[in-house]
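Close look at the chain arrangement
Each chain is listed here by its residues.
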Amino acid sequence: MSSEKPSGFYLGRIFDPAKNEVTEKPLIYDPADLTTHAVITGMTGSGKTGLCISLLEEAALQGIPAIIVDPKGDLTNLVLHFPELRPEDFEPWLDPESARRSGKSLSELAAETAQMWREGLAKWGLGPEQLTALQEAVDYTIYTPGSSAGVPVNILRSFAAPDVPWEENREILREKISSTVTALLGLVGLDNIDPLRSREHILISNIIETAWSQGRSFDLTELILQTQNPPFDRLGAFPLDNFFPPKERAELAMLLNNFLASPSFQTWLEGDPLDVAAFLYTPEGKPRHSIFYLAHLNDNERMFFVTLLFTSIEAWMRNQRGTSGLRAIVYFDEIMGYLPPVANPPSRPVMLRMLKQARAFGIGLLLATQNPVDLDYKGLSNAGTWAIGRLQTQRDKDRLLDGLETITGALDRGQMDRMISSLGKRVFFLHNVHAKGPTLFQTRWALNFLAGPLTRSQIPALNRLAKKHDQGLTSSAVSTPFDQAKMPAATPSATKSEKISGFSSTRSAIPAGVDEFFIPSDLDFQRAVTLAGLPSNLEMETQSLLYIPALLAQAEIRYLARKYNLEFSRKFTALVEREPSGLMDWNKHSWRNLDPNSLHTSPLPQALFAPLPPWLSNARALKDLEKDFVEWVFRNGTIYLRANEALKVYLPPTTTEEAFRKQCEQAAQAMMATEKTKLEETHQRKIDALRDRIERQKIEVKRKEEEFSQRRLEEIGTGGELLMSLFGGRKRSVSSSLTKRRLTAQAKAALEQEKKELETLEKQLSALEQDYNRALSELQERWTKVIAEETQLPLPPQRSNIFVELFGIAWCPYYLVTVEGKAQKLPAFSTSS
């Protein structure tokens, strides 16, 4: 290759299929063409990764920043450029097992590799000059979300209020919220949810929207707290507690909190913020290639982070001015599962939006895959460049050709099939809408050493090699490979467990007149450990079952509304485990409803008991608390009936929307049937009368037709006789012939008149039938609207209908365990029904 610097990306040389050899003509790709995006596909061993790395090298040499998503670890090779090409530079990245199998020492294999790389680069007109330029052109940083092996990424910024105005951008921001929430719920195990049907998705989306629309940022902790107590009272037409009851909101909050409390999640809250501008440029303004290594994450975690990253890129992109040039590259090494043709994972909507809109902002998406059957080709119709390497099966080729045919519209399928089938290693078919036609080319030798996928334990050394973020890495991450999967399991403490004190095998006496209950121990030990968020492999010592006293209160309100023909009951339950400071806030102690028959009357054998605290030992104080509890139940006991006043349908708030609508439909059908019958009778009488007139008129028309035919025959006969008289010498009156003609004309006129009358009657019938159909349609439409009418009717309780079912001391069972010499209490009872 000429030493003159090319004006575009030097990706390789043109391949001559007729001679089956590489020519000396270089393939130069215009980087501006990447604004219409590119897709690279090829099976393992086709040279796909080498082509992608070469393209990113060219981008780096021209100072174009890039965000690189690396699910498998191949793209970490982008920092393995060694300008001096010394064997000792290559040696740390060689596989010792490969050296052993080849019967060579590692140093011998390194020398051979260095020589091979020197010679390979020289054949393509490359060498130390380009390697040095590559090393100096951009800043390389390897990020490891969810791990401190590389540079961690703090995801809390994902919940920060966006920098763009809400009102002008709410449609896009709502799409970002939807994708973020879907990914978050998927991360905690709520997969395949529908944003329009999932209560969890709707609730969290509204919480985020409420904060963002007011310009407020918050973190995951605040999101969890607001899940239990949202900053709004209604969602859509329904009160919040009807749409998503507090108990179930608490369960969702607990699910999110378990994720937040997990030790493995803490690394998601450390490191650099999710700042796209910082991923593209250093503080000094130097272009950056940010590599996001995701090989250590599970599928849900990958989907979560990819969605957050792409939504952040999209939000940053919309703050930029438009440009026709290439501003930055977003590269995804393996998009299988992230942009599928049928399913709709959280990543898909934002990727589709960027494929359609990123061009205007100079953002080029470069997507690669070795699975062409898993691509959304309609979604990729905006990709202007396709580089296709060797494919594994005919099915892969057929699916790819189907997709390209959909995109291009005109395709010589047979010729392209033969061309793809004949591709060798590192030979690619290039389809570029900006070029005159397709091209075959062989990829150039990569400047970086292609060591293959690297592991998480090698990431610290890679970042040191890139000479970036050394001070940000911990000493353990710098000195030794950090791989959480290899950390030893926790071991029990060698010291003796601390002595159990303050508990007794004899329970305290209960004040006279106070009821006593025992909460069933319905959680086995392993389940209790799981719910407590402790690692399953943690060794611990079980000491005993411990009962701790608490105040249990449960009351039932019975609603009897004869006006609405409704009888309904509702329970309120509270479990107070600690003495309140000041006035009792029963809302904070709301608990699951209990079946009084499910409570035990005695404790389990060989259990320990915590002492009864003073506030539970005063019978008078407990009586006052009972009165206060009843008052709280009364104040909070108003229910809101689901009502349709027009249909006289009234149902309790626990009625589902489907059941309520079905009841309304049944009532409406009965009322509508009466109106429909009346409408049918009214119109049917008119229609029947009109049809009778039409039948009579048809008879009249037929009679007139017969009369007209007879007159015509008579006229013809008279005319014939007149003619014969003229030629035969017989005298015949002309007036008789004229009379017959006049009578014929009269008969014809009468026939026409009767036909017009028949036509008029038929039009009247058609109009009457149309009026009936229109009236029937309006009737159905009106009742359809009535069915959709719903109001909330408050139904307050009556004090006389409040019945206290349970009030007294409840002994709650806990597993008393010792972990590393410290006593812990794990609930042995269910906190939710």
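Heads up: these notes are all about the structure in this document. Here the residue numbers are simple positions, counted from 1 along each chain's written sequence. In keeping with the predicted nature of the model, local features appear solely for residues at pLDDT of at least 70, side-chain atom pairs appear and are counted solely at 80 or more, and the whole-chain, interface and lining totals rest on all residues. Only hydrogens and water are set aside; all other atoms, that is, all heavy atoms of the structure, feed into the side-chain values.

Some points on the sheet that holds strand E4 (residues 66-70)
Stated formally: At least two bridges found by DSSP between two strands are what make those strands a pair. Helix and strand assignments come from DSSP, with helices taken as H or I runs of at least 4 residues and strands as E runs of at least 2, each series counted from the N terminus. Note on geometry: axes are lines fitted to C-alpha atoms, helical ones only across the stretch in contact, with angles between N-to-C directions running from 0 to 180 degrees. A contact between two residues is defined here by any heavy atoms of the two lying within 4.5 Å.
With respect to topology, 11 strands assemble into an open sheet ordered E2-E1-E15-E14-E13-E3-E12-E11-E4-E10-E5, the strand pairing being mixed. A strand with exactly one partner marks an edge of an open sheet, and here the two such strands are strand E2 (21-29) and strand E5 (139-143). In this sheet, neighbouring strand axes are inclined to one another by 25 degrees on average, regardless of whether the strands run parallel or antiparallel. Direction of pairing for strand E3 (residues 38-41) relative to strand E12 (residues 363-369): parallel, over a ladder of four bridges. By the bridge assignment for E12, Thr41 is matched with Thr369. Against the sheet, helix H1 (residues 48-61) makes contact with strand E1 (9-16), E3, E4, E5, strand E10 (288-293), strand E11 (328-332), E12, strand E13 (385-388), strand E14 (427-432) and strand E15 (439-443), and its axis sits at roughly 135 degrees relative to E1, the strand it touches most.

Considerations on unusual backbone geometry
Stated precisely, the cut-off is as follows: Note on exposure labels: buried denotes an accessible area under 20% of the residue type's maximum, exposed denotes more than 50%, and partly exposed covers the range between, all computed with a 1.4 Å probe on protein chains only.
The phi angle at His37 is positive, at roughly 75 degrees, despite the residue not being glycine. Within the secondary structure layout, His37 lies in the loop between E2 and E3. Residue classification places His37 among the buried positions, given a relative accessible area of 1%.

Some thoughts on the sheet that holds strand E22 (residues 791-795)
Strands sit in the order E21-E20-E22 across an open sheet of three strands; the sheet is antiparallel. Of all the strands in the sheet, just strand E21 (649-651) and E22 have a single pairing partner and so form its edges. Taking each pair of neighbouring strands and ignoring which way they run, the sheet shows an average axis angle of 35 degrees. With three bridges connecting them, strand E20 (residues 639-644) and E21 associate as antiparallel partners. What sits directly across from Ala643, in E21, is Tyr650.

What about the packing of helix H7 (residues 199-213) against helix H8 (residues 220-228)?
Rules: Convention used here: angles under 35 degrees read as roughly parallel, angles over 145 as roughly antiparallel, angles from 65 to 115 as roughly perpendicular, and any remaining angle as oblique. The crossing is said to be left-handed when, going from far helix to near helix, the turn is anticlockwise and less than a right angle, and right-handed when the turn is clockwise. Three categories are distinguished: nonpolar for Ala, Val, Leu, Ile, Met, Phe, Trp, Tyr, Cys and Pro, charged for Asp, Glu, Lys and Arg, and polar for the others, with Gly belonging to the last.
One way to put it is that H7 packs onto H8 with a least axis distance of 10 Å and a crossing angle of 120 degrees. Compared by their axis directions, H7 and H8 come out oblique. Here the hand of the crossing between H7 and H8 comes out right-handed. Residues Leu203, Ile204, Ile207 and Ile208 of H7 pack against Leu223, Gln226 and Thr227 of H8. Across the contact of H7 with H8, the residue classes tally to five nonpolar, two polar and no charged.

Considerations on the environment of Glu789
The topology assignment puts Glu789 in the loop between helix H21 (734-788) and E22. Residue class for Glu789 comes out partly exposed when judged on its relative accessible area of 42%. Residues Glu789 and Val79, 710 residues apart in the sequence, show an inter-C-alpha distance of 64 Å. Discounting chain neighbours no more than four positions away, the residues touching Glu789 are Ala643, Asn644 and Ala646.

Thoughts on the pattern of salt bridges
Side chains that differ in charge, positive against negative, can pair when their charged atoms come close. Let me state the cut-off plainly: By convention in these notes, a salt bridge is any Lys or Arg side-chain nitrogen within 4 Å of a carboxyl oxygen on Asp or Glu.
Inspection of every chain in the model, using the stated rule, returns 33 salt bridges. Linking Glu97 and Arg100 is a salt bridge whose minimum nitrogen-to-oxygen distance equals 2.3 Å. Remark: Arg100 and Glu97 occur in helix H3 (residues 96-101); sequence separation between them is three residues, near one turn of the helix. In this structure, the salt-bridge partner of Arg661 is Glu665, at a minimum N-O distance of 3.5 Å. Taken together, the residues Arg661 and Glu665, both in helix H20 (residues 657-728) and four residues apart, mark about one turn of the helix. Through salt bridges with shared partners, a single network forms among Glu84, Arg86, Glu88 and Asp89.

Points about H8
What counts, and what does not: Arc definition: directions from the helix axis to the C-beta atoms.
Residues Leu220, Leu223, Ile224, Gln226 and Thr227 constitute the buried set of H8. Here the buried residues of H8 occupy an arc of 165 degrees about the axis, which is enough to place them on one side. Lining the buried residues of H8 we find helix H6 (166-187), H7 and helix H10 (246-261).

Some words on the packing of aromatic side chains
The following threshold applies: Centre distance within 6.5 Å is the pairing criterion for rings of Phe, Tyr and Trp, where only the six-membered ring of Trp is used; planes under 30 degrees apart are then read as stacked, over 60 as edge-to-face, and the remainder as tilted. In our convention, an over-ring charge means Lys NZ or Arg CZ found within 6 Å of a ring centre and within 35 degrees of that ring's normal.
Under the defined criterion, the tally for this structure stands at 26 aromatic pairs. Relative to Trp445, the ring of Trp117 lies with its centre 5.0 Å away and its plane at 70 degrees, an arrangement referred to as edge-to-face. Here the residue Trp117 occupies a position in helix H4 (residues 106-123), and Trp445 occupies one in the loop between E15 and helix H16 (459-465), the gap between them amounting to 328 residues. Owing to a relative accessible area of 18%, Trp445 belongs among the buried residues under this scheme. With a centroid separation of 5.5 Å and an interplanar angle of 85 degrees, the aromatic rings of Tyr814 and Phe829 are classed as edge-to-face. Pair noted here: Tyr814 is in strand E23 (residues 802-819) and Phe829 is in the segment after strand E24 (822-827), with a separation of 15 residues, a long-range link. The exposure class assigned to Tyr814 is buried, which follows from its relative accessible area of 10%. For Phe829, a relative accessible area of 3% corresponds to the buried category. Three or more aromatic residues joined by ring pairs make a cluster, and in this case those are Tyr143, Trp268, Phe279, Phe292, Phe304 and Phe305. Residue placement shows Arg558 over the ring face of Phe803; its charged tip is 4.3 Å from the ring centre.

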